[in-house]
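Spelled out from the first residue to the last, the chains are:
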Amino acid sequence: MRRHYIPVTAGVPGVNDSQRALIRRVIRTALAAEGVDFACEVDVLVTGDAEIQRLNRETRQVDRPTDVLSFPAFDLSPGELPEAEDADPGTGLVPLGDMVISMEHVAVQAKEYGHSNRRELAYLVVHSVLHLLGYDHLDEGPMKAQMRKREEAILAQLGISR
């Protein structure tokens, strides 16, 4: 498989190399599971509640922190992928979009759901990759069920369980 460019920027202290490596491995696994076999870029910002709240307010007009924000570069439907022609001429990479993760929310939700921070971080990364690839869960029905099924299958592939 061609190389994916996945810069992980830490906007808060305490983000370690193993967390960065986990984020990259989860993204690569999710992309492969969804059939992304072309060179692409996913930009990741790991931050805290204050920054993610600011971004949530500015981009979605929702003035509260959240766990993860996804900013897809393309308007896709599940199973649909960008074309190789969508690659940036300068880099040769297809820019899939950006994800922003609040490490404060990772810790709170891991405790709330009774699993490790590692599992919660991996889940949020998979969730965000699926958003970048057109999945959504705004309804409480089939779309949400389809997304949850893919999330669990990708986490199982990674050997990450509750």
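Scroll up for the structure.
Let me sum up the structure you'll find in this document. (Residues numbered from 1 in each chain as written. Predicted model: local features only at pLDDT ≥ 70, side-chain atom pairs only at ≥ 80, totals over all residues. Heavy atoms only, no water.)

With that out of the way, let us pick up the sheet that holds strand β3 (residues 68-72). Overall, mixed pairing links the 4 strands, which are arranged β1-β2-β4-β3 in an open sheet. Each having just a single partner strand, β1 (8-10) and β3 make up the two edges of the open sheet. Within this sheet the neighbouring strands show an average axis-to-axis angle of 15 degrees, counted without direction. Relative to strand β2 (residues 40-47), β1 runs parallel, the two being bridged by 3 bridges. (Pairing = 2+ DSSP bridges. Helix = DSSP H or I, 4+ residues; strand = E, 2+ residues; numbered from the N terminus. Axes fitted to C-alpha atoms, helices over the stretch in contact; angles between N-to-C directions.)

This part takes up helix α2 (residues 49-60). The end-to-end C-alpha distance of α2, which contains 12 residues, comes to 15 Å, matching closely the 16 Å that a straight helix rising 1.5 Å per residue would cover. Summarising the contacts, the buried residues of α2 are in contact with β2, β3, β4 (94-102) and α3 (103-113). Following α2 by one or two positions, Gln 61 adopts a phi angle in the positive range, close to 55 degrees. (Expected span 1.5 Å × (residues − 1). Contact = heavy atoms within 4.5 Å.)

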